[in-house]
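# Reading the structure
The primary structure of each chain is shown beneath.
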Amino acid sequence: MPDFKKEGLRWLQQSRQDLDDAEFNQGGNRFNIACFLGQQAAEKAIKGYLYFRGSEDVWGNSLIDLCEDAKIFDMFFDTVKSEARQLDKYYYITRYPEFLPSGTSHDAFQVEDSERAIELSKTIVEFVAERVE
């Protein structure tokens with residue numbers, strides 16, 4: 001039988017590393033990557049929560065959808081849906097220029113964007129950590 005709690009904590013650990021990597025990239029003026037890693041940290045934290053609670057079929061990248069899945073176990077995931085909605089915007093546009101009218105993803109983001117993404121992500125990671133640790 002799988003150790004769901006251990007797997008969930010492993011995903012949470014990776015989400016914290018992604019947050020650290022987001023801050024590292026922000027310091028190197030890689031604001032688009034910092035935003036993407038913020039989204040990734042939140043995604044991995046929520047997936048970690050779902051694994052922790054015993055979910056076996058955890059998939060998708062939408063934080064809004066993952067929050068909906070997590071609400072099966074904890075209705076308070078509704079309280080972080082605003083943050084999730086904002087972070088979902090960083091999944092594609094931070095990496096693929098086809099989602100921009102011109103220029104590249106690297107040029108489209110500034111330090112304020114990465115600061116906001118990291119702040120939103122920290123909110124979600126801390127929210128999940130309170131529920132599993």
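Anyway, here's the lowdown on the structure attached to this text. Here the structure is a predicted model, which is why all the values come from computation and not from measurement. (Residues numbered from 1 in each chain as written. Predicted model: local features only at pLDDT ≥ 70, side-chain atom pairs only at ≥ 80, totals over all residues. Heavy atoms only, no water.)

### Brief notes about the nonpolar core
Going by this rule: By convention a nonpolar core is built from buried Ala, Val, Leu, Ile, Met, Phe, Trp, Tyr and Cys residues, the set being connected through side-chain atoms within 4.5 Å. Under the scheme applied here, a residue whose accessible area is under 20% of the maximum for its type counts as buried, over 50% as exposed, and between as partly exposed, the area being computed with a 1.4 Å probe on protein chains only. Only DSSP runs of H or I with at least four residues qualify as helices, and only runs of E with at least two residues qualify as strands; both kinds are numbered from the N terminus onward. Any two residues whose heavy atoms approach within 4.5 Å are treated as being in contact.
Counting 35 residues, the largest nonpolar core has Leu12, Ile46, Leu63, Phe77, Leu87, Ile124 and Val128 as its most contacted members. Put simply, the parts of the chain that give this core at least two residues each are α1 (4-27), α2 (31-52), α3 (63-70), α4 (81-88) and α6 (111-132). If we skip the residues at most four places from it in the chain, leucine 63 touches Gln39, Ala42, Glu43, Ile46, Ala84, Leu87 and Asp88.

### Details of the pattern of salt bridges
Heads up, the rule is: Every case where a carboxyl oxygen of Asp or Glu lies within 4 Å of a side-chain nitrogen of Lys or Arg is listed as a salt bridge.
Overall, the coordinates contain 12 salt bridges when judged by the stated rule. Put simply, aspartate 78 and lysine 81 hold a salt bridge, and the shortest N to O gap is 3.7 Å. Between arginine 116 and glutamate 119 there is a salt bridge; the shortest N-O distance is 2.8 Å. One end of the pair, arginine 116, and the other, glutamate 119, are both in helix α6, three residues apart, so they sit about a helical turn from each other. Here arginine 116 falls in the partly exposed class, since its relative accessible area comes to 34%. Salt bridges linked by common partners bring Glu68, Lys71, Asp78 and Lys81 together as one network.

### Quick word on a nonpolar patch on the surface
The cut-off we apply is this: Here the term patch refers to residues with relative accessible area over 30% and no salt bridge, with like charges joined within 9 Å and nonpolar side chains (Val, Leu, Ile, Met, Phe, Trp, Tyr) within 5 Å. Shrake-Rupley sampling with a 1.4 Å probe provides the accessible areas, and residues are treated as covered by the protein chains on show and by no other component.
Taken together, Tyr92, Tyr96 and Phe99 make up a surface patch of nonpolar side chains, about 310 Å² in accessible area. One can find phenylalanine 99 in the loop between α4 and α5 (105-108).

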